[in-house]
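One-letter residues, chain by chain:
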Amino acid sequence: MIVIGILIAIAAGLFTGAYFTKRRFGLLGLALTAGATLSTIWSYDAGLLLSGTGLVPDGPLTNAVALSAVVLLPAIVLMFHGYTYKTLVGRIVGSFLFTVLAFAFLLEPIGYALPLEGIAADVYNWHLAHRDIVISVGVVLAVVDLFLTKPASHDKKR
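Residues numbered from 1 in each chain as written. Predicted model: local features only at pLDDT ≥ 70, side-chain atom pairs only at ≥ 80, totals over all residues. Heavy atoms only, no water.

Digging into the side chain of Arg-24
Then, in step 1: You can see Arg-24 is positioned in the loop between α1 (2-21) and α2 (25-41).
Then, in step 2: A distance of 2.7 Å separates the side chain of Arg-24 from the side chain of Asp-145, its partner in a polar contact.
Then, in step 3: Ignoring anything within four residues of it in the chain, the contact list for Arg-24 reads Tyr-83, Thr-84, Tyr-85, Asp-145, Leu-148 and Thr-149. (Helix = DSSP H or I, 4+ residues; strand = E, 2+ residues; numbered from the N terminus. Polar contact = N/O pair within 3.5 Å; in protein donor to acceptor, adjacent residues only side chain to side chain. Contact = heavy atoms within 4.5 Å.)

Pasting the structure below:
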């Protein structure tokens, strides 16, 4: 039960971060994709670098924290720059899509860190089985959102 509570807390943190910054899903989704690509390249080195700092003791938790940070860092940086949603419905839908896509990318590092047994293992395995579909649809929706984004119009005063 604690594992499910941790997963819900992670999802709630991702949702509130995207909701309060009002950033569009397209750019954040592609930033998550870039972070996930970097995490596969740096998987071993990121864990070594983090354990070398001494902030986290060496072990499976170190690798999970490092991979999660690499996945989320590009999106976190872009949460403070870019296009925003104008409507409440857009903010809610964009935040939900960001949460689902980020959670799909974070499933592997979460699996390294949390002891999964019983119902939590069943929930985790179900999400892991559908991860590729969620990521594919999420990236396509992020690209579509980028196409729907209109640049801000600036009044030119002469």
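Next, the rest of the story.
Description of the packing of aromatic side chains
Then, in step 1: Counted according to the given criterion, the structure contains two aromatic pairs.
Then, in step 2: Here the aromatic rings of Phe-15 and Tyr-19 are separated by 6.0 Å at their centres, their planes lie at 10 degrees, and the arrangement is stacked. Placement of the pair is Phe-15 and Tyr-19 together in helix α1, with a separation of four residues, close to one helical turn.
Then, in step 3: Note on Phe-15: relative accessible area 26%, which makes it partly exposed.
Then, in step 4: Overall, the relative accessible area of 18% leaves Tyr-19 in the buried class. (Phe/Tyr/Trp six-rings, centres within 6.5 Å; stacked < 30°, edge-to-face > 60°. Buried < 20%, exposed > 50% of the residue type's maximum accessible area, 1.4 Å probe, protein only.)

Considerations on the nonpolar core
Then, in step 1: Within the largest apolar cluster, 28 residues are counted, with the highest numbers of intra-cluster contacts made by Leu-32, Phe-98 and Phe-105.
Then, in step 2: Among the secondary structure elements, those contributing two or more residues to this core are α1, α2, α4 (60-78), α5 (88-113), α6 (119-129) and α7 (131-148).
Then, in step 3: Element by element, the count of residues in this core is highest for α5, at nine residues.
Then, in step 4: The residues touching Phe-98, leaving out its near neighbours within four places in the chain, are Leu-14, Ala-18, Phe-25, Leu-28, Leu-32, Ala-75 and Met-79. (Core = buried A, V, L, I, M, F, W, Y, C linked by side-chain atoms within 4.5 Å.)

So, α2
Then, in step 1: Over its 17 residues, α2 runs 24 Å from end to end, which matches the ideal 24 Å to within 8%, given 1.5 Å per residue.
Then, in step 2: Within the span of α2, buried status applies to Phe-25, Gly-26, Leu-28, Gly-29, Ala-31, Leu-32, Gly-35, Ala-36 and Ser-39. (Expected span 1.5 Å × (residues − 1).)

Quick notes on the packing of α1 against α5
Two measures define how a pair of helices packs: the angle their axes make with one another and the distance between the axes.
Then, in step 1: In the contact formed by α1 and α5, the axes pass within 8 Å of each other and the chain directions differ by 140 degrees. By the criterion of interaxial angle, the relationship of α1 to α5 is oblique. In this structure, the crossing between α1 and α5 has a hand that is right-handed. Side by side, α1 and α5 meet where Leu-7, Ile-10, Ala-11, Leu-14, Phe-15, Ala-18, Tyr-19 and Phe-20 of the first sit next to Leu-88, Arg-91, Ile-92, Ser-95, Phe-96, Phe-98, Thr-99, Ala-102, Phe-103, Leu-106 and Ile-110 of the second.
Then, in step 2: The residue makeup of the contact of α1 with α5, split by class, is 16 nonpolar, two polar and one charged. (Axes fitted to C-alpha atoms, helices over the stretch in contact; angles between N-to-C directions. Parallel < 35°, antiparallel > 145°, perpendicular 65-115°, else oblique. Left-handed = near helix turned anticlockwise from the far one by under 90°. Nonpolar A, V, L, I, M, F, W, Y, C, P; charged D, E, K, R; others polar.)

Concerning the packing of α2 against α7
Then, in step 1: It is at 7 Å that the axes of α2 and α7 come closest, and there the two elements cross at 140 degrees. Accordingly, the angle class assigned to the pair α2 and α7 is oblique. The handedness of the crossing between α2 and α7 comes out as left-handed. Residues Phe-25, Gly-26, Leu-27, Gly-29, Leu-30 and Thr-33 of α2 form the contact with α7, whose participating residues are Gly-138, Val-139, Leu-141, Ala-142, Val-143, Asp-145 and Leu-146.
Then, in step 2: Taken together, the residues of the contact of α2 with α7 sort by class into eight nonpolar, four polar and one charged.

Describing the confidence of the model for the protein chain
Then, in step 1: Considering every residue of the protein chain, the mean pLDDT works out to 84; 89% of them sit at 70 or more.
Then, in step 2: Per-residue pLDDT, averaged within each element of the protein chain, yields its smallest value for helix α3 (residues 43-53) (70) and its largest for α7 (92). (pLDDT = per-residue confidence, 0-100.)

Regarding a nonpolar patch on the surface
Then, in step 1: Among the surface-exposed residues, Ile-133, Val-137 and Leu-141 lie close enough to one another that they form a single nonpolar patch of about 260 Å² accessible area.
Then, in step 2: Judged by relative accessible area, which is 45%, Val-137 ranks as partly exposed. (Patch = residues over 30% accessible without salt bridge, like charges linked within 9 Å, V, L, I, M, F, W, Y side chains within 5 Å. Areas by Shrake-Rupley, 256 points an atom, 1.4 Å probe, with all protein chains shown as cover. Salt bridge = Lys/Arg side-chain N within 4 Å of Asp/Glu carboxyl O.)

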